[in-house]
Amino acid sequence: MSKKKKSNLANNNKGGSTPPKRNWVMVTIYTVAILVLGSMLLRQDSKASSNKIRWDKLEPILVKHHYSKIVVVNQEFCEVYIKPSIIRKDSAYKDLVVKNLMNQPIPNAGFYRYEFVTFENFEKDLARVEEKTGERIDLTPEKRTNAWREILVLFGPIFIIIIFFVIMNRITQRQMGGGSGGIFSVGKSTAKMYDGKTPTNVTFKDVAGLEGAKDEVMEVVDFLKNPKRYTNLGGKIPKGVLLVGPPGTGKTLLAKAVAGEANVPFFSMSGSDFVEMFVGVGASRVRDLFEEAKKKSPCIIFIDEIDAVGRARGRAGLSNANDERENTLNQLLTEMDGFSSGTNIIVLAATNRAEILDPALLRAGRFDRQIHVELPSLEERKAIFDVHLRKLKLNKDNTSEEYVDRDFLAKQTPGFSGADIANVCNEAALCAARKDHKSIGRQDFLDAVDRIVGGLEKRGKVLTDVEKRTVAFHESGHASVSWLLEGADPLVKVTIVPRGQALGAAWYLPDERQLTTYEQMFDKMTSLMAGRAAEEIFFGKVGTGALSDIERATKMAQSMVVYYGMSPELGNVSFYDSTGQADMTFTKPFSEKTAEIIDKEVRRMVEEAYARAKQIISDHRSQMEQLAGQLFDKEVLFREDLERIYGPRVGEQVAEAVAEQIPAEDTPALESDTNLPNID
Ligand code: ATP
């Protein structure tokens, strides 16, 4: 790798890095030091313990006067030196004979070590021997220190503390992505830096669709490249741009593409990277990040998932646990104020939840520009499929049924995000591989879509005939009522093959509406209650399978009454709190009496929807039986099957006539109606 290329690498090792070789040298030095110290101590000890004797062996030595001298060490033990002439003569002392390299015995080398319990006891024992022999036994006292042990006692704890810090440092370093300085640089920013020439491997070509967002982001890049063009007229370059949108819509991808295209330094960091276990680290990292950025101006700072630090302040409740996050946010606010628009730093941030961000962050002069990255439309989905299909081995035979047509795939995936589409492509490849296909076919994609929407197919889940028939009528109820009510979503597919947690499922294409009327919401509630209504009409009893339907219908009624002011009893009042402050209070924003009215109204709405669903099903009894019968046999039915039974859907004849002139408009979310299996 050339020198130039090396300098272009993502700069994550600020402050210089320690070469691995040096680390090894240090590790070797530590190990050798520990081994030497340990072995010396051991040697001392082993030497001391080798010739230990007890009193019964020492007493005859003293009585026979075989010793030359007795040295009392530190009043802890004594060393009894045996006369060399006796060692040579008397085989009882052969354990004291030490031989040199020429295998000749070395004289004067042997002594025994005797450890007494107390020196006073030892003196008494000696006195007894003196009395017996009539000879005085001379003792030579000696004070001895073990230098190594002293060193260990003195420096051991310091050594352990140093090792502890070295290990902590290494761990912190590793957690921070390998940057040098470890624990001492914990307050340094961990942002990855792309210096404009570094390839991020992502360009705008990899970001399909999102034309509006791409244009806006390109404008940001242009601000940095040609600031004069804007400032000449007295305008100011924006400081912050917020990418807002549902998960997986390509916000991070877009930011990466900016890095790839901008040709200016690009600092990338995630909101959660600011948060560390140490207090004050977040704020310090923000400071450091902006300092680094100022040095490299003009440049872009990208903070992904900014809600991790940018959540509205004062939401800590009683615990004050959010102090650290608030400090970090305050620092971010200060820094964004701190640089003048002449500094040419633009902060790009991404979040799924702009509504929970602190208002101070969104005010003019900070993240005042918001780029909305929405779920892709039909055309955008086609483009995203193009990007991801490029890498796959597809069935290219357009005469075959298995031919993969991206237009068809895009139509089958309304409401899917870019990440979902990438997942479908991957899942399809896995499906094909599982079946040993040579290339990926249309059915593999359909299976992948089903699996992503409804979960894993569970053919192994055995239903009794009665259960299967109940599920067939339940799902036919949903399918029929949603087909017959204009405000409900049209059906795409209905199945009684168990998938994930559901025993059956009906999938719809919701209309892309900006405004929803009371009638449309009520139609939806009616189709949700239709599953249970069908069970009651055809079997005379209801089961637990409708849990999720009832839950959704109840929540819908609640929102109609409490938020949208759609209850005639309650009138046009809304208890919705867009500031989120109400979450922190324990009290309800309404009186007990109002709570009773809410309960009554919610119950009335759900019951009315249920009665209406029962009425519709009773009016179409024979068609319902036909549909449920087909579903029981085939297990999967599509909208064409419904059309054959019920005729074209209400309001769709008109829509079709208009569609001939206008290109087909897209519909957003594919909703799956998942019914939980029997739950007690
Ligand atoms: P989140 O908010 O959850 O972080 P995000 O909006 O940042 O999600 P990305 O991480 O950018 O989503 O997207 C995830 C993956 O989805 C990308 O790596 C890419 O494969 C795919 N993807 C999303 N949008 C697009 C697109 N417009 N074109 C091509 N691929 C896309």
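Preceding this paragraph is the structure being described.
Residues numbered from 1 in each chain as written. Predicted model: local features only at pLDDT ≥ 70, side-chain atom pairs only at ≥ 80, totals over all residues. Heavy atoms only, no water.

Q: So what about the overall build of the protein? Which residues, and what values?
A: Broken down by element type, the protein carries 24 helices and 17 strands. Looking at the protein residue by residue over its 680 residues, the buried ones come to 42%. Considering only residue pairs separated by 6 or more positions, the protein has 75% of its internal contacts joining residues 24 or more positions apart. If you sum the accessible surface of the protein, you get close to 37300 Å²; carbon and sulfur atoms cover 54% of it. (Helix = DSSP H or I, 4+ residues; strand = E, 2+ residues; numbered from the N terminus. Buried < 20%, exposed > 50% of the residue type's maximum accessible area, 1.4 Å probe, protein only. Contact = heavy atoms within 4.5 Å. Areas by Shrake-Rupley, 256 points an atom, 1.4 Å probe, with all protein chains shown as cover.)

Q: Explain helix 7 (residues 211-225) to me, and be specific about the residues and the numbers.
A: Between its first and last C-alpha atoms helix 7 spans 21 Å; for 15 residues at 1.5 Å apiece the expected length is 21 Å, and the two agree. Those residues of helix 7 that sit buried are A213, K214, V217, V220, V221, D222, F223 and L224. Buried residues belonging to helix 7 abut helix 8 (227-231), strand 9 (240-244), helix 9 (251-262), strand 11 (299-304), strand 12 (345-351) and strand 13 (369-372). (Expected span 1.5 Å × (residues − 1).)

Q: Give me the sheet that holds strand 6 (residues 111-115): which residues, what numbers.
A: Taken together, five strands build an open sheet; the order of strands is 1-6-3-2-7 and the sheet is mixed. The outermost strands of the open sheet, each flanked by one partner alone, are strand 1 (52-53) and strand 7 (140-142). As paired strands, strand 2 (residues 67-73) and strand 7 are joined by three bridges and run parallel to one another. Looking at strand 7, one finds that V72 is bridged to P141. (Pairing = 2+ DSSP bridges.)

Q: Any details on the site of the ligand? Residues and values, ideally.
A: Lining the immediate surroundings of the ligand are 18 residues, of which A208, K251, T252, E305 and N352 lie closest. At 2.9 Å, a backbone N or O of L253 approaches an oxygen atom of the ligand. Out of a free accessible area of 630 Å², the ligand has 78% covered by protein chains. Elements with a contribution of two residues or more to the shell around the ligand: helix 9, helix 14 (378-389) and helix 16 (418-434). (Near = heavy atom within 4 Å. Polar contact = N/O pair within 3.5 Å; in protein donor to acceptor, adjacent residues only side chain to side chain.)

Q: Could you give an account of the sheet that holds strand 12, with specific residues and numbers?
A: Strand order in this open sheet of six strands is 8-10-11-12-9-13, and the pairing throughout is mixed. One side of each edge strand has no neighbouring strand; the edge strands of this open sheet are strand 8 (192-194) and strand 13. Strand after strand, the sheet turns through a mean of 20 degrees between neighbouring axes, direction not considered. For strand 11 and strand 12, the ladder comprises five bridges, and the chain directions are parallel. Residue pairing across strands places I300 opposite I346, the latter belonging to strand 12. Its contacts with the sheet put helix 10 (residues 281-296) on strand 8, strand 10 (266-270), strand 11 and strand 12, and the angle it makes with strand 10 is roughly 165 degrees. (Axes fitted to C-alpha atoms, helices over the stretch in contact; angles between N-to-C directions.)

Q: So what about the nonpolar core? Which residues, and what values?
A: By size, the foremost hydrophobic cluster in this structure holds 51 residues, and its most contacted members are M525 and I617. For this core, the secondary structure elements donating two or more residues are helix 18 (465-484), strand 14 (491-495), strand 15 (505-508), helix 19 (518-539), helix 20 (547-563), helix 21 (592-619), helix 22 (621-634) and helix 23 (639-646). At 10 residues, the largest contribution of residues to this core is made by helix 19. The contacts of M525, once residues within four sequence positions are left out, are A553, M556, A557, M560, M605, V606 and A609. Listed in part, the 29 residues of the second largest apolar core include V217, F223, L348 and I371. (Core = buried A, V, L, I, M, F, W, Y, C linked by side-chain atoms within 4.5 Å.)

Q: Talk me through the pattern of salt bridges; I want residue IDs and the actual numbers.
A: Taken as a whole and assessed by the stated rule, the structure comprises 29 salt bridges. In this structure, E292 engages K295 in a salt bridge whose closest nitrogen and oxygen atoms are separated by 3.6 Å. Placement of both E292 and K295 in helix 10 is noted, with a separation of three residues, approximately one turn of the helix. Classification of E292 as buried rests on a relative accessible area of 15%. Between D447 and K435 there is a salt bridge, and its shortest N-O distance comes to 3.0 Å. Of this pair, D447 sits in helix 17 (residues 442-454) while K435 sits in the loop between helix 16 and helix 17, placing them 12 residues apart in sequence. Residue classification places K435 among the partly exposed residues on the basis of a relative accessible area of 39%. Taken together, the salt bridges that share partners define one network made up of K52, R113 and E115. (Salt bridge = Lys/Arg side-chain N within 4 Å of Asp/Glu carboxyl O.)

Q: Tell me about the packing of helix 19 against helix 20, and please be specific about residues and values.
A: Two numbers describe how helix 19 lies on helix 20: the axes approach to 9 Å, and their chain directions differ by 160 degrees. With respect to each other, helix 19 and helix 20 are oriented roughly antiparallel. In the crossing of helix 19 with helix 20, the sense of the turn from one axis to the other is left-handed. Between helix 19, through Y518, M521, F522, K524, M525, L528, M529 and R532, and helix 20, the contact on the second element is made entirely by D549, I550, R552, A553, M556, A557, S559 and M560. Residue composition of the contact of helix 19 with helix 20, grouped by class: 11 nonpolar, one polar and four charged. (Parallel < 35°, antiparallel > 145°, perpendicular 65-115°, else oblique. Left-handed = near helix turned anticlockwise from the far one by under 90°. Nonpolar A, V, L, I, M, F, W, Y, C, P; charged D, E, K, R; others polar.)

Q: I'd like a rundown of helix 23, residues and numbers included.
A: Taken together, the buried positions of helix 23 are D641, L642, I645 and Y646. Each buried residue of helix 23 sits inside an arc of 115 degrees when the element is viewed along its axis, so together they form one side. Those residues of helix 23 that are buried lie in contact with helix 18, strand 14, helix 22 and strand 16 (636-638). Following helix 23 by one or two positions, G647 has its phi on the positive side, about 80 degrees. (Arc of directions from axis to C-beta.)

Q: Explain unusual backbone geometry to me, using residue names and the numbers behind them.
A: Positive phi outside glycine occurs at N74, with the angle close to 50 degrees. Within the secondary structure, N74 sits in the loop between strand 2 and strand 3 (77-82). Classification of N74 by relative accessible area gives partly exposed; the value is 25%. In this structure, L210 is a non-glycine residue whose phi angle is positive, near 50 degrees. Inspection of the secondary structure assignment puts L210 in the loop between strand 8 and helix 7. Classification of L210 by relative accessible area gives buried; the value is 9%.

Q: Hey, could you go over the side chain of Q331 for me, with residue numbers and the actual values?
A: Structurally, Q331 is set in helix 12 (residues 323-338). Using a relative accessible area of 14% as the deciding quantity, one classes Q331 as buried. Those residues in contact with Q331 that sit more than four places away from it in its chain are A283, V286 and R287.

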